[in-house]
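Report on the structure
The lines below spell out each chain.
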Amino acid sequence: MKVKGRRTGHCYAGTGRTVKRAWCTGRIVVLCVAACLLMSSCQGVRKEEEKKSIRIGISLYRGDDTFINNIRSIIEEKAKEYERESGIKVTLDIQEAKGSQNTQNNQVERFISLGCDVLCINPVDRMDTSLIIDKAMTAGVPVVFFNRQPVEEDMNRWDKLFYVGVDAKETAVLQGKMVVDLYRKQPEAVDLNGDGVVSYVMLEGESSHQDSLIRTEWSVQTLKDGGVPIEKLTGGIANWERSQASALMEQWLEKYPGRIELVICNNDDMALGAIDAMERAGAEGISVVGIDGTTPGLAAVENGKLMGTVSIDKAQYAGAILAIAAGEASGWESEPELELEEGKYYQCPWQIVVKN
Ligand code: BGC
């Protein structure tokens, strides 16, 4: 597997709370910095008396989302690593909200009553986080939101609200670039019938998710900017889900026999769903691109089924969530040394992954 165009998140020197150059290189794992800060040999200042244990309440919008599950397991690994390196015991209380904002609100209430020092919330409805924020503010418990970005107005309500995610536009631009590069090198690979136009279909994530609209817009814009002649046959919302994407693709293959040359997907799971449908229909040669770099997504690139993906650095992603949470929970005056845009936003690095 070839990894190219290594990109990192932006460097917001001067805008963050604490900026450490190493973060811009993407080489140092967030956790190491946080753990180091928390060790007595480091020079951070402790606000209160030393904490021997911290409790973190984590609520996931759904438990069956592949990308979120990847992040969840790395958070668990990072918590163990953190315990080993800092000597501080970490209790993670992880709950799944099963797509219900109401359930998630109740989970938040329970976390607070259990005495959680900090909450990590993957909101069900990113437009409806005000209740969570109310409860957290009243109890004085900081919140690290991730993946589904609350609206700015909510994020600005308190300086103990953080967000970890990925720049939707930049990842989409790289997704488009993978296709532009392929078209320039080997136009017949994406213009299968040689008519001078690449006919594509688009699989989109949930319409309320900040990533869907931006990824859809910028992958296509990048193809246009890169001089790839394109024609959209159709598109649809498959809500990030493999099975929904598979059903849509099945219909499209029937409706446009032999005409689909490219499938642009807002995430890897939907790309895998499209590939499932292509395999069932015996459709060959169609290029499929995703975003995420989930475990099955990367395996599909490796075995040649997925043309490429934009892989999010999941170690940094999960590491950032844990580092901010642990930093807040253990009562440091200075936050872990992450670049936090506007003092609250952390954007993770990403890279293109294509098969050799
Ligand atoms: C990821 C998707 C995931 C969704 C969940 C997106 O950023 O790319 O794979 O399903 O977040 O909120």
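This text gives an overview of the structure that appears in the document.

**Quick look at the site of the ligand**
Neighbouring residues of the ligand: Tyr 61, Asp 65, Phe 67, Asn 147, Arg 148, His 209, Asp 211, Arg 215, Trp 240, Asn 267 and Asp 292. Contact between the ligand and Arg 148: an oxygen atom at 2.9 Å from a side-chain N or O atom of the residue. Interatomic distance of 2.7 Å between a side-chain N/O atom of Asp 211 and an oxygen atom of the ligand. Of all the cavities here, the one that holds the ligand is the largest cavity. Of the residues contributing to the shell around the ligand, the split by class is 3 nonpolar, 3 polar and 5 charged.

**Describing the side chain of Ser 287**
For Ser 287, the location among the structural elements is in strand β10 (residues 287-292). Residues contacting Ser 287, with those up to four places away along its chain left out, are Leu 182, Ala 189, Val 190, Glu 261, Leu 262, Val 263 and Met 307.

**A short note on the packing of helix α7 (residues 168-185) against helix α8 (residues 210-225)**
Their axes nearest at 7 Å, the elements α7 and α8 cross at an angle of 35 degrees. Where α7 crosses over α8, the handedness of that crossing is right-handed. Contact residues: α7 offers Ala 168, Lys 169, Thr 171, Ala 172, Val 173, Gln 175, Gly 176, Lys 177, Val 179 and Val 180, while α8 offers Gln 210, Asp 211, Ile 214, Arg 215, Trp 218, Ser 219, Thr 222 and Leu 223. Tallied by class, residues from the contact of α7 with α8 come to 8 nonpolar, 6 polar and 4 charged.

**Re the sheet that holds strand β3 (residues 89-96)**
Strand order in this open sheet of 6 strands is β3-β2-β4-β5-β6-β12, and the pairing throughout is parallel. Edge positions in the sheet fall to β3 and β12 (345-347), since each of these pairs with one other strand and no more. Along the sheet, successive strands turn relative to each other by an average axial angle of 20 degrees, direction set aside. Here 3 bridges tie strand β6 (residues 161-165) to β12, and the two strands are oriented parallel to one another. The partner of Gly 165 across the bridge, within β12, is Gln 347.

**Side note on α8**
Helix length check: α8 (16 residues) gives 23 Å between terminal C-alpha atoms against 22 Å at 1.5 Å per residue, within 8%. When we look at burial in α8, the residues that qualify are Gln 210, Asp 211, Ser 212, Arg 215, Thr 216, Ser 219, Val 220, Thr 222 and Leu 223.

**Remarks on the layout of surface pockets**
By volume, the largest pocket is sized at about 440 Å³. Lining the largest pocket are 22 residues, with Leu 182, Ser 287, Gly 304, Leu 306 and Met 307 positioned closest to its centre. Of all the secondary structure elements, the ones that give two or more residues to the lining of the largest pocket are β1 (2-7), α7, α10 (268-281) and β10. Per-element accounting of the lining of the largest pocket gives the leading share, 4 residues, to α7. Of the residues contributing to the lining of the largest pocket, the split by class is 10 nonpolar, 4 polar and 8 charged.

**Notes on the pairing of strand β4 (residues 118-121)**
Taking every second residue as pointing to the same face, both faces of β4 are buried, with Val 118 and Cys 120 on one and Leu 119 and Ile 121 on the other. With 4 bridges connecting them, strand β2 (residues 53-60) and β4 associate as parallel partners. Within β4, the residue paired with Gly 57 across the bridge is Leu 119. In this sheet, strand β5 (residues 143-146) lies alongside β4 in parallel orientation, the contact comprising 3 bridges. If you follow Leu 119 over to β5, its bridge partner there is Val 143. With respect to chirality, the unit in which β4 leads through helix α5 (residues 130-139) into the neighbouring parallel β5 is right-handed.

**Let's talk about the pairing of β3**
Looking at chain direction, β2 and β3 are connected through 8 bridges and run parallel. Bridge pairing links Ser 53 to Lys 89 in β3. Each parallel crossover has a hand, and the one from β2 via helix α3 (residues 66-86) to β3 is right-handed.

Thresholds applied
- Residues numbered from 1 in each chain as written.
- Predicted model: local features only at pLDDT ≥ 70, side-chain atom pairs only at ≥ 80, totals over all residues.
- Heavy atoms only, no water.
- Near = heavy atom within 4 Å.
- Polar contact = N/O pair within 3.5 Å; in protein donor to acceptor, adjacent residues only side chain to side chain.
- 1 Å grid on protein atoms, 1.4 Å probe; cavity = no way out; pocket = protein on both sides within 12 Å on 5 of 7 lines; lining within 4 Å.
- Sits in = over half its atoms within 2 Å of the grid points.
- Nonpolar A, V, L, I, M, F, W, Y, C, P; charged D, E, K, R; others polar.
- Helix = DSSP H or I, 4+ residues; strand = E, 2+ residues; numbered from the N terminus.
- Contact = heavy atoms within 4.5 Å.
- Axes fitted to C-alpha atoms, helices over the stretch in contact; angles between N-to-C directions.
- Left-handed = near helix turned anticlockwise from the far one by under 90°.
- Pairing = 2+ DSSP bridges.
- Expected span 1.5 Å × (residues − 1).
- Buried < 20%, exposed > 50% of the residue type's maximum accessible area, 1.4 Å probe, protein only.
- Points joined across faces, edges and corners; volume = space filled by probe spheres on them.
- Right-handed = clockwise from strand over helix to strand, strands pointing away.

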